[in-house]
Each structure stands twice: as structure tokens, then as C-alpha cells.
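Coordinate analysis (summary)
Spelled out from the first residue to the last, the chains are:
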Amino acid sequence: MIASVTEVDLLPAPIEPSWILAGEPVARNATLSRSADGLASTLVWDCTAGSFRWIYEIDETIYFLEGSATISDGVSPPKSFGPGDVLFLPRGAVCHWHVERYVKKVAFCRRTVPFLLSVAIRGYGRIRRMISGAGGGFTVGAA
């Protein structure tokens, strides 16, 4: 286990300038954890007032810590999110964010792999669990 806190020093993480729609939002972040294979990470991110588009190149689950943001994906009506709210944004989503004053979130990020590779990875994991006897599978050599 690796414990972490969300009160960490945040470093500048500028929003892509062409994504900014209004204001001068200033974003910062810090990585809290990263998986051994580099496909999953957890970070803290905050941002000051402004409106911007965000194009998600990864799956991201957000847990809002402070402040609020109104977010729209262009399909559903805009919704405001604040402390305690959770939002999942899949890879490929394009969202419009409006931060009135400030927002701070924890982001659980996962890079996706091609479908056939994900099937192979799941199969490998299932076989490993069966061989080791974990997860209700069988144990090699058991009667």
C-alpha cells in the first residue's frame, strides 16, 4: 500500500491555449500515484476562473474536492459539480468547463489499450488467478 494526501504542492499545468474559451484560467497539478505499467495514475488538479474545452485522451474519473465547475459534453444539459461529486469521462469525450471561481479535484486516470490486447491481459490474469487458487478458481494439484 502507498498512502497519499491531497494537500500537496501543485505545479503549473497550463491548459492548451486553443482550448480556452473565456477568461484566463490557471491550472496546476501533482501526481499522487502511478501504476507500474504506466497505464493508471492519480493526480490532484486545480484551476482558477475561466471557460475552456477539454479533450479527453484517457478515461478519467473525477472526485471533486473544493469549489465547483459547470460541465457540458454537448449532449446532456450542463451540470454543476462540487465537493463530493463524482464524474466519469471516457476517452474521446469533449467537454466544456466553466469554472466560476475555483475548482479542485482528484483525477483517477486510465490509459486504454487496444481491445485485443485488453482481452489478452484479462485472459492472462484469469489464468494466473486459477493457477494460484485466488478468486474462487481451482488450484493446480488440488483433489
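Per chain, the residues get numbers from 1 upward, laid out in the order the sequence is written. The predicted origin of the model limits local features to residues at a pLDDT of at least 70 and limits the giving and counting of side-chain atom pairs to 80 or more, whereas totals for whole chains, interfaces and linings rest on all residues. Calculation of side-chain values draws on the structure's entire complement of heavy atoms; hydrogens and water are dropped beforehand.

Here a helix means four or more residues in a row that DSSP labels H or I, a strand means two or more in a row labelled E, and each is numbered from the N terminus. Counting its secondary structure elements, the protein contains one helix and nine strands. Element order for the protein, N to C, with α for helix and β for strand: β-β-β-β-β-β-β-β-β-α. Taken over C-alpha atoms, the radius of gyration is set against a globule rule of 2.2 Å times the number of residues to the power 0.38. Relative to the globule expectation of 15 Å for 143 residues, the C-alpha radius of gyration of the protein, 19 Å, shows a markedly less compact shape. In terms of its C-alpha atoms, the protein occupies a principal-axis envelope of roughly 70 × 35 × 25 Å. Categorising residues by exposure relies on relative accessible area from a 1.4 Å probe, with only protein chains included: less than 20% of the type maximum marks a residue as buried, more than 50% marks it as exposed, and the intermediate range marks it as partly exposed. Here the protein holds 143 residues, and the buried ones make up 30% of them. For the area figures, the Shrake-Rupley method with a 1.4 Å probe applies, and any residue is considered shielded solely by the protein chains shown. Surface exposure of the protein reaches about 9,300 Å², of which carbon and sulfur atoms provide 60%.

Mapped onto the secondary structure, D85 falls in the loop between β7 (79–81) and β8 (86–89). With 31 residues separating them along the chain, D85 and W54 place their C-alpha atoms 19 Å apart. Not counting the four nearest positions on each side in its chain, D85 is found in contact with I62, Y63, F64 and S80. Here G82 takes part through its backbone nitrogen, which lies 2.8 Å from a polar atom of the side chain of D85. It only takes one pair of heavy atoms within 4.5 Å for two residues to be counted as in contact. What qualifies as a polar contact is a pair of N or O atoms within 3.5 Å, subject to a donor-acceptor requirement within protein and to the restriction that residues adjacent in sequence count only when both atoms come from side chains.

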